[in-house]
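# Fold and contact review
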Amino acid sequence: MALTRDFKRTVVDRAKRDPAFGKALLAEAMTLLAQGEPETARLVLRDLVNATVGFEELALVTAKPSKSLHRMLSTQGNPSMDNLAAILGAVGKELEVRKASRPR
């Protein structure tokens with residue numbers, strides 16, 4: 001049986017209408033990074049950028065060309081830690097993710 005709808009489109013549409021789903025995707029991307037799966041994390045982030053800020057707005061926020069951002073979030077991408085932090089920060093801000101406070 002053939003799929004009737006593109007999976008990526010379904011993910012993007014759901015993240016657009018369901019902020020909790022978007023936050024879960026962001027958390028998943030960060031978990032994937034921490035577990036040593038950067039390729040998959042970049043693809044999840046790419047879908048999340050498409051569903052939230054968009055690459056043109058992300059380019060303005062990060063002061064990086066949108067084509068460079070597309071390459072960074074591809075399977076062969078290799079964003080620096082600074083660029084990755086800027087991308088995560090922009091998406092987190094769009095999703096209104098608050099930083100967790102650490103106990104002292």
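Heads up: the structure comes first, above all this text.
Now for a quick tour of the structure. The structure presented is a predicted model; accordingly, all values stated were derived computationally and were not measured. (Residues numbered from 1 in each chain as written. Predicted model: local features only at pLDDT ≥ 70, side-chain atom pairs only at ≥ 80, totals over all residues. Heavy atoms only, no water.)

## Regarding the overall build of the protein
- Helix and strand counts for the protein come out as six helices and zero strands.
- Secondary structure elements of the protein occur, N-terminal to C-terminal, as α-α-α-α-α-α.
- Here the protein, with 104 residues, has 36% of them falling under the buried criterion.
- Contacts in the protein between residues at least 24 apart in sequence constitute 56% of all its contacts with a sequence separation of at least 6.
- Entry remark: accessible area of the protein is about 7,200 Å², with carbon and sulfur atoms responsible for 54%. (Helix = DSSP H or I, 4+ residues; strand = E, 2+ residues; numbered from the N terminus. Buried < 20%, exposed > 50% of the residue type's maximum accessible area, 1.4 Å probe, protein only. Contact = heavy atoms within 4.5 Å. Areas by Shrake-Rupley, 256 points an atom, 1.4 Å probe, with all protein chains shown as cover.)

## A word on the packing of helix α4 (residues 55-62) against helix α6 (residues 81-94)
- Contact pair α4 / α6: the axes reach a minimum separation of 10 Å and the direction vectors enclose 120 degrees. The orientation of α4 with respect to α6, classified from their angle, is oblique. Regarding α4 and α6, the two cross each other, and that crossing is right-handed. Taken together, the residues of α6 that come into contact with α4 (itself represented by Leu58, Val61 and Thr62) are Ala86, Ile87 and Ala90.
- Class assignment of the residues belonging to the contact of α4 with α6 gives a composition of five nonpolar, one polar and no charged. (Axes fitted to C-alpha atoms, helices over the stretch in contact; angles between N-to-C directions. Parallel < 35°, antiparallel > 145°, perpendicular 65-115°, else oblique. Left-handed = near helix turned anticlockwise from the far one by under 90°. Nonpolar A, V, L, I, M, F, W, Y, C, P; charged D, E, K, R; others polar.)

## Concerning unusual backbone geometry
- The backbone phi angle of alanine 63 is positive, close to 60 degrees, even though this residue is not glycine.
- By the secondary structure assignment, alanine 63 is in the loop between α4 and α5 (66-72).
- The class for alanine 63 is exposed, based on a relative accessible area of 66%.

## Structural notes on the nonpolar core
- By size, the foremost hydrophobic cluster in this structure holds 26 residues, and its most contacted members are Leu26, Leu45, Leu48, Val49, Leu58, Leu69 and Ile87.
- Elements that contribute at least two residues to this core include exactly α1 (7-17), α2 (19-34), α3 (38-51), α4, α5 and α6.
- Looking at this core, the element that brings in the most residues is α3, giving six residues.
- In contact with isoleucine 87, other than residues within four places in its own chain, are Val49, Leu58, Thr62, Leu69, Met72 and Leu73. (Core = buried A, V, L, I, M, F, W, Y, C linked by side-chain atoms within 4.5 Å.)

## Let's talk about the pattern of salt bridges
- With the rule as written, the count across this model stands at three salt bridges.
- With a shortest N-O distance of 3.0 Å, arginine 9 and aspartate 13 are connected by a salt bridge. Of the two residues, arginine 9 and aspartate 13 are both situated in helix α1; the distance of four residues between them amounts to about one turn of the helix. (Salt bridge = Lys/Arg side-chain N within 4 Å of Asp/Glu carboxyl O.)

## Describing the packing of α3 against α6
- Interhelical geometry of α3 versus α6 gives an angle of 40 degrees and a closest axis separation of 10 Å. Classed by the angle they form, the pair α3 and α6 counts as oblique. Here α3 and α6 pass one another in a crossing that is left-handed. Of the residues in α6, those touching α3 at Leu45, Leu48 and Val49 are Leu84, Ile87, Leu88 and Val91.
- Its residues assigned to classes, the contact of α3 with α6 shows seven nonpolar, no polar and no charged.

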